[in-house]
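Descriptive structure summary
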Amino acid sequence: MKKILLLFIAMLTAISIWFMITKNPASSSSTSIQAKLADVKDYKYYLDKGNDTIGEDMTKLDLVIVEPIEMQQKYIDNAQKNSTLVYGYINAMEADQWNTALYRQLEEDDFYRDKQGEKMYFAQWDSYLMDMTSSHYQDILLTEIEKQIVQKGLDGVFLDTVGNINSYLPEDEQKWQNEAMLSFIQQIKQRHPTLSVAQNWGFQTLMDYTAPYVDFIMWEDFSYHEVGNDEWSLEMMKKLVHLREEFGTQVMAIGFTDELESRALAKKYNFKFFYSPAGSYYNTWQ
C-alpha cells in the first residue's frame, strides 16, 4: 500500500511539473524565442530612424536590433507581423547625454567614480560610465525598459556596454558590478517573464553570472584579422559553443573587415553574422 501511495505521489508530481512547463506562458515563450534565435540567418543592428525602404527590408530579416527612441512604431509592428524578431537598444553601463529624458533623472551617486573620485567620460560617444550597484540607476533603466521596450511591444531588450565592466573597471571592483548586473537582469525577467534579454560583450560576465537569463550575446569586431589567429578569441569561441549547448545562448557576431573570412569563421562555430564596414557606427542601413 505504501509503495502504491509513493508511486501515486510521484505521478502527481510529474504531472504537476509537466503542467507548469507546458502551460506557463513565460516558459513556452522562452523556448519559442530561443528556437527562433537558433534559426536566425540574416540580422541587422541599426540605431537610427527608419523609412519605407528600411521598413520593407526589416520584414525580410529574421532579427533586427533597433534604437526604440528613433525607430518608428509602424516599422516595428510591420516587421513583427512578418515574423521578424525586434530587439530594442538600452545602454546599460553608460548614460548618453543625447538621451536627455533619461539623463536628467540621474543623481550623482548613479555615476561610476574611480579611486580618485573622478567620473569616467567617453568622448567618442559623449557618455559617462555608470554604477550598476546604484539601485536608483537600476530603477531608471527598468522604467526605460518598460517605456521603450515593453510598451512598444518589442520581443526583447538588447543591453549594450555590458562589457565595460571587464574592460574599464579595476579587477577588485568587477565582482560587485557583475553581481549588480545579474540582479538587474533578474529584475527584468521578474517584471517581464516573456521578454527576451540580450547583451553586448561581457563574455566573463555572461559565463560567470548572466548566461541563464541571456538569449544571445553580441561579439563586435568579429573580424578575421582580429580573431582568426588570436589564442584568446579562439578559446572564447569554444567556450561560447559550450555555453550555447548548456543555456541556448546564441552568438551574434559583427565583422568590420575581411567579410568573407570573417563570415566563414562565424559559420564554423554556428555564430550568426552581420557585416558592418562602417565599424561600430550603426546609423547607416547597410
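See the structure above.
Here is a short report on the structure shown in this document. (Residues numbered from 1 in each chain as written. Predicted model: local features only at pLDDT ≥ 70, side-chain atom pairs only at ≥ 80, totals over all residues. Heavy atoms only, no water.)

A short note on the pairing of strand S8 (residues 196-200)
Successive residues of a regular strand alternate their side chains across the two faces of the sheet. Put simply, the rule reads: Summary of the burial criterion: residues with accessible area below 20% of their type's maximum are buried, those above 50% are exposed, and those between are partly exposed, where the area comes from a 1.4 Å probe applied to protein chains only. For the purposes of this entry, the term helix denotes a DSSP run of H or I that reaches at least four residues, the term strand denotes a run of E that reaches at least two, and both are numbered from the N terminus. Pairs of strands are assigned from DSSP output, requiring at least two bridges between the strands. Whether a crossover is right-handed comes down to one check: with the strands pointing away from the viewer, does the path from the first strand over the helix to the second run clockwise; if it does, it is right-handed.
Burial within S8 is extensive, with five of its five residues counted as buried. On S8, burial covers both faces: Ser196, Ala198 and Asn200 on one face and Val197 and Gln199 on the other are all buried. Sheet analysis places strand S7 (residues 156-160) next to S8, joined by four bridges and oriented parallel. Opposite Phe158, over in S8, you have Ala198 as the bridge partner. Both S8 and strand S9 (residues 216-219) contribute to a ladder of three bridges, which runs parallel. Bridge pairing in S9 links Asn200 to Met218. Note on the crossover from S8 through helix H9 (residues 203-210) to S9: the handedness is right-handed.

Notes on the pairing of strand S3 (residues 85-91)
Counting buried positions over the seven residues of S3 gives seven, a clear majority of the element. A two-sided burial pattern is seen for S3, the buried positions comprising Leu85, Tyr87, Tyr89 and Asn91 on one face and Val86, Gly88 and Ile90 on the other. Summarising the sheet, strand S2 (residues 63-66) and S3 pair through four bridges and their orientation is parallel. Following the sheet pairing, Val64 is matched in S3 by Val86. As a crossover connection, the stretch from S2 through helix H4 (residues 73-81) into S3 is right-handed. Where S3 lies against S7, five bridges are found, and the strand directions are parallel. Within S7, the residue paired with Tyr87 across the bridge is Gly156.

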